[in-house]
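Listed here are the chains, written in short residue letters.
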Amino acid sequence: TLGNDYSLIVRYQRGQMRLHIWVRNEIADKFTNIDIKAENTGVGHVLANKGGIVASLTYKKTRISFLTAHLAAHEGETYLQSRMSNLKEIFKGTKSKSGLDVTACSHHMFLMGDLNFRTDFGKMEHEEHVQKALDMVEKKEWEKLYSYDELERCMKEKKLLCGFETLPCHFNPTFKVQRESGYNYKTQRTPSYTDRILWKCADGLRDNLTPLAYEPCGEFMTSDHKPIRGAFSIVPNKVSSKQRMVPKISRKFFNLTFKDMQCKNLTALDIDGSSDPFLVFMTDPAKLLHDARSPKKQKNCVKMRIPYVHSTKFIAKNLNPKWTDKMHFTLDRGWDLDTMLHVTAMDFDAASQNDTIGSIALNVHKLVSMDEGATEKEITIEQPLIKYGTEEGSIKMTVVVSSYATKEQSFRKKQKQGLWGKIKSLSGSQHKTREKY
């Protein structure tokens, strides 16, 4: 344990995979909405020797998720593809009821564990491969060794974990070592950075997270891996420096108009090599986005089973669709710093369930914030559509944001104007009376 100052709020085991979350006693009761999911990626998705565990929790309006994973082992391209497939399987198996994976539903997410990505120098004999890595280790050429890391290369090429970040591994490889203190490597495997910590922040919240430390635990002796540890500072949404802007903004209602909507290079999900795409809009928390289109225009769109989820028409057999119609919404003033607006491209299927192509998550506070005195703004958004950590095309659209007062606020304003008018009128009459007499 960590001592009497900490409380264990998450304790979950799936096979040999474990996830424990400890928090300081004085804030333990502040963590709410704890949700745990897991996915096996072993043989037949039954064996729990490989897979992942995801725990999500809320602290001061900040949704934080932790994913610990144990991915496929061994060196070579085939095993690399297995690791990439494992990640997609974990994200798919732990997705929310809305169909979005945990990477889209979190304000901050951490991915950690024995990810098993290896050092890859290309085609050469095993002994030569190992010796090349050992030479770099002896010379402490960490930056050079890290440049051959599979995970680093695949992230740069956007083959996996799009949107995630990690600090560089400028230290000893954590695998494969003798079960003793220090770094005495076994030559059956190439020294590699198999044990990692990565993170991802939602739109507009990157400045709220600061990495402080990232290092291996060289004294650890009970495994052929050296554990990795990291330290991070997170500013919760509820106490963000931007919160000072919220009381003034959140008293307003907003109109949101999405126009010139288009997608490019969408993934084909139908057997004929195409898709029938349409767009879906929803907020998290839900019930904040209201469709302001006419009933006739709403009737012509794809019907959604979930309340407060709004859609466009679908465009048949098109991987580069453009929508000529506009989407008009009113945003309820119940939104806050934690509110996200999800825009998802989906594939329409009349005979079965619609499939997700990819999505983006927009920070509502960032979306509606304006210069002081402004009541309207227009912005263009262009982002990759993400599904299970990989890009599945892109989306571009223009958003017109305008603020407006409620009927109650308008009435109060008119009352004040009326009262001020009476005072001015009365003051003018008294002035004229004095002049007359």
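Residues numbered from 1 in each chain as written. Predicted model: local features only at pLDDT ≥ 70, side-chain atom pairs only at ≥ 80, totals over all residues. Heavy atoms only, no water.

### Here's the deal with the overall build of the chain
- Scanning the chain from terminus to terminus reveals nine helices and 19 strands.
- A separation threshold of at least 6 residues defines the contact pool for the chain, and within that pool the share at least 24 residues apart is 67%.
- With the model as given, the accessible surface of the chain reaches about 23200 Å², and the carbon-plus-sulfur share is 50%. (Helix = DSSP H or I, 4+ residues; strand = E, 2+ residues; numbered from the N terminus. Contact = heavy atoms within 4.5 Å. Areas by Shrake-Rupley, 256 points an atom, 1.4 Å probe, with all protein chains shown as cover.)

### Here's the deal with helix H3 (residues 126-138)
- Spanning 13 residues, H3 covers 18 Å between terminal C-alpha atoms, matching the ideal 18 Å at 1.5 Å per step.
- In this fold, the buried residues of H3 make contact with helix H4 (142-146). (Expected span 1.5 Å × (residues − 1).)

### Observations concerning the nonpolar core
- In terms of nonpolar packing, the biggest core is built from 32 residues, with Leu256, Phe258, Phe281, Leu331, Val368 and Met397 touching the most fellow members.
- The element best represented in this core is strand E10 (residues 253-264), accounting for five residues.
- If you look at the next biggest cluster of nonpolar residues, it comprises 22 residues, including Leu71, Phe91, Phe117 and Leu160. (Core = buried A, V, L, I, M, F, W, Y, C linked by side-chain atoms within 4.5 Å. Buried < 20%, exposed > 50% of the residue type's maximum accessible area, 1.4 Å probe, protein only.)

### Thoughts on the packing of aromatic side chains
- Considering all chains together, one arrives at 13 aromatic pairs under this definition.
- For the ring pair Phe121 and Tyr148, a centre distance of 4.7 Å and an interplane angle of 65° mean the geometry is edge-to-face. Here Tyr148 lies in the loop between H4 and helix H5 (150-156) and Phe121 lies in the loop between strand E6 (108-114) and H3, a separation of 27 residues in the sequence.
- Here the aromatic rings of Phe171 and Tyr193 are separated by 5.8 Å at their centres, their planes lie at 85°, and the arrangement is edge-to-face. One end of the pair, Phe171, is in the loop between H5 and strand E7 (195-201); the other, Tyr193, is in the loop between H5 and E7, and 22 residues separate them in sequence.
- Residue class for Tyr193 comes out buried when judged on its relative accessible area of 1%. (Phe/Tyr/Trp six-rings, centres within 6.5 Å; stacked < 30°, edge-to-face > 60°.)

### Remarks on the pairing of E10
- Among the 12 residues in E10, nine count as buried, and that is most of the element.
- For E10 and strand E15 (residues 327-331), the ladder comprises five bridges, and the chain directions are antiparallel. By the bridge assignment for E15, Phe258 is matched with Met327.
- With two bridges connecting them, E10 and strand E14 (residues 322-323) associate as antiparallel partners. Considered in E14, the bridge of Gln262 is made with Lys322. (Pairing = 2+ DSSP bridges.)

### A closer look at the sheet that holds strand E5 (residues 62-70)
- Spatially, E3-E4-E5-E6-E7 is the arrangement adopted by the five strands of the open sheet, whose pairing is mixed. Across the chains shown, the open sheet's two edge strands, defined by having one partner strand only, are strand E3 (31-40) and E7. Averaged over all pairs of adjacent strands, the angle between their axes in this sheet comes to 15°, without regard to strand direction.
- Sheet topology note: the strand E4 (residues 51-59)/E5 ladder contains nine bridges and is antiparallel. Among the inter-strand pairings, Leu57 is bridged to a residue of E5, identified as Ile64.
- This element, helix H1 (residues 77-93), spans E3, E4, E5 and E6 of the sheet and lies at about 135° to E3. (Axes fitted to C-alpha atoms, helices over the stretch in contact; angles between N-to-C directions.)

Keep in mind these values describe shape, not function.
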